[in-house]
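# Residue-level structural notes
Listed below, chain by chain, are the residues.
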Amino acid sequence: MTGGAVQRRFGVSRSLLSLAAATLMTIALAPASLAQSETTRIQRVISPGGIEAWLVHDTTLPLVAMEIAFLGGAAQDPAEKPGVASLTSSLLDEGAGDLDSRTFQDRLAEKAIELRFDASRDSLGGSLRTLSENVDDAFALMALAVNAPRFDDEAVERIRQGQLAQLRRRLNDPSSLASLGWSAAAFPGHPYGRPVAGTLESVPVISRDDLKAYVGRTIARDNLKIAVVGDITAEKLGPALDAMFGALPAKAQLTPVPDVEPRGLGTDVVKTLDVPQTSIVFGGIGLKRDDPDFIPAFVLNHIFGGSAFSSRLFSEVREKRGLAYSVYSHLAPLDHAALILGGTATKNERAGESADLIRAEYQRLLTVGPSAEELEDAKSYLIGSFALRFDSSAKVASQLLQIQIDNLGIDYIDIRNQLVAAVTLDDVQRVAARLDKHPALLFSLVGKPEGLTQ
């Protein structure tokens, strides 16, 4: 999210939405035996025009939250102009139809409606929050934003300058630079190697025609996913989906993006910055989300670096040696690349020691595997903490959307903990052996690191 989109928050709807946490978590995490028998569970709503949304209907509070995603994202940026998707997303609520930017924002504020858009590597997303009494107005503004964005000169230049200001700030942000450096080294010549927010060279030359062309190619019905949570019925939502999205093109004209594996594994990429700490991003080859071994890999990663207090990385890097305050890893299954990524920050003089320790611990995990106790502890944590993903209406909607994007099935919430519980020591050993075929990690370090051995 960039520019003016970052600033759209209206206190009334935010505070009211936070009150929905307990109720919506109860609905979202109803026992499996009740889940599909309850009409307020997850409903698949099909509009008269054939547009699909997933709905969790709850009338406890007069609130509606919607999450949408158009698949494609920044991977669809022109190669010579990274940042188009990001700039587009920040401008969708900066005037649409016959409403200029000020009028559009006034309409949102008058009804305490939150509407924002952002871009990631693989999708352009939108979030809507509203009181149910204002849902018609909110849906009308969503419809304008996706169907008729104006891209007025004043708004384009204002948001462009905001995006450029963010890019300039990142020039002195070690963690951002480490992440950007990792992607550029891992994916040279590939869309994943380009920065989502663009560059100081590309953003100034993005034209209004570029923005309109991006919308024309990527915002369509066939690549649209929708999740809705709150005080709205399926009967009302169905026709509203057609009103919001029915006039969009039937099919997106997406440029094919090739699958890719990260390059530079086993090497260090260093950017010198005069700061007392070195920021480190590391990563290697993981598993795709549709891989049958993804859940065992998810559990294995938790043992490696997924837990804030009990992972091997936390124990070795922070607890035993005091090298860093935080160290983590996670699986990052992009649409066209399967990754394991992680990061930390440490004193410059101990950067090499930290990197070597992370490499060694990863190799030891893949070679020896976890213990039975580590496995049971990881499964217990992952099962027990799952409910925290559903402690607000916004989180429920976000989870429903991601489940659709990942094509996991409408019953995934009911079966997810069963899948984790079923992981055996043989399963994680098998996954470790698979990952051990490509155990090398690429490190991106920003600061004045000392003691590097690669």
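Look up a bit, the structure's there.
What you see is a predicted model; the values in this text were computed from it and never measured.

### Focus: the overall build of the chain
- A tally of regular secondary structure across the chain gives 17 helices and 11 strands.
- Computed over its C-alpha atoms, the radius of gyration of the chain comes to 23 Å, within 12% of the 22 Å expected for a compact globule of 454 residues.
- Based on the C-alpha atoms only, the size of the chain along its principal axes is roughly 60 × 55 × 40 Å.
- A buried classification covers 54% of the 454 residues belonging to the chain.
- A sequence separation of at least 24 residues applies to 83% of the contacts in the chain between residues at least 6 apart.
- Of the roughly 19000 Å² that the chain leaves accessible, carbon and sulfur atoms contribute 52%.
- Each charge class in the chain was averaged separately, 46 positive and 56 negative side chains, and the resulting centres sit 3 Å apart.

### Section: the sheet that holds strand β9 (residues 327-333)
- Ordered in space as β7-β11-β8-β10-β9, the 5 strands form an open sheet in which the pairing is mixed. Each edge of the open sheet is held by one strand with a lone partner, namely β7 (268-272) and β9. Adjacent strand axes in the sheet meet at a mean angle of 15 degrees, parallel and antiparallel pairs treated alike.
- As judged from the 7 bridges shared by β9 and strand β10 (residues 338-347), these two strands associate in the antiparallel manner. Among the inter-strand pairings, Ala-332 is bridged to a residue of β10, identified as Leu-339.
- The sheet strands contacting helix α12 (residues 312-319) are β8 (277-285) and β9, and the helix crosses β9 at an angle near 150 degrees.

### Overview of helix α4 (residues 84-91)
- Taking burial as the measure, the 8 residues of α4 include 8 buried ones, the bulk of the element.
- Those residues of α4 not exposed but buried are Val-84, Ala-85, Ser-86, Leu-87, Thr-88, Ser-89, Ser-90 and Leu-91.
- Those residues of α4 that are buried lie in contact with β4 (114-119), β5 (123-131), α7 (153-170) and α9 (208-218).

### Some details on the pattern of salt bridges
- Within the structure shown, the criterion is met by 27 salt bridges.
- Close ionic contact of Glu-67 with Arg-129 constitutes a salt bridge, the shortest N to O distance being 2.4 Å. Here Arg-129 lies in strand β5 and Glu-67 lies in strand β3 (residues 63-71), a separation of 62 residues in the sequence. As far as the burial class goes, Glu-67 and Arg-129 line up, both buried.
- For Glu-94, the salt bridge identified is with Arg-158, shortest N-O distance 2.8 Å. With a gap of 64 residues between them, Glu-94 in the loop between α4 and α5 (101-110) and Arg-158 in helix α7 connect regions that are remote in the sequence.
- In this structure, a network of salt bridges that share partners links the residues Asp-291, Asp-293, Asp-427, Arg-430 and Arg-434.

### Things to note about the side chain of Ser-127
- Tracing the chain through its elements places Ser-127 in strand β5.
- Judged by relative accessible area, which is 9%, Ser-127 ranks as buried.
- Within the structure, Ser-127 has its side chain in polar contact with the side chain of Glu-67 (distance 2.9 Å).
- Residues within four places of Ser-127 in sequence aside, it is in contact with Met-66, Glu-67, Glu-114, Leu-115 and Arg-116.

### Side note on unusual backbone geometry
- In the Ramachandran plot, Ala-112 falls in the positive-phi region, its phi being about 55 degrees despite a non-glycine side chain.
- Judged by relative accessible area, which is 10%, Ala-112 ranks as buried.
- One non-glycine residue, Phe-151, lies in the positive phi region at around 55 degrees.
- Looking at the element boundaries, Phe-151 is found in the loop between α6 (135-147) and α7.
- Note on Phe-151: relative accessible area 2%, which makes it buried.

Parameters at a glance
- Residues numbered from 1 in each chain as written.
- Predicted model: local features only at pLDDT ≥ 70, side-chain atom pairs only at ≥ 80, totals over all residues.
- Heavy atoms only, no water.
- Helix = DSSP H or I, 4+ residues; strand = E, 2+ residues; numbered from the N terminus.
- Rg over C-alpha atoms; globule rule 2.2 N^0.38 Å.
- Buried < 20%, exposed > 50% of the residue type's maximum accessible area, 1.4 Å probe, protein only.
- Contact = heavy atoms within 4.5 Å.
- Areas by Shrake-Rupley, 256 points an atom, 1.4 Å probe, with all protein chains shown as cover.
- Lys, Arg positive; Asp, Glu negative; His and termini not counted.
- Charge placed at Lys NZ, Arg CZ, Asp CG, Glu CD.
- Pairing = 2+ DSSP bridges.
- Axes fitted to C-alpha atoms, helices over the stretch in contact; angles between N-to-C directions.
- Salt bridge = Lys/Arg side-chain N within 4 Å of Asp/Glu carboxyl O.
- Polar contact = N/O pair within 3.5 Å; in protein donor to acceptor, adjacent residues only side chain to side chain.

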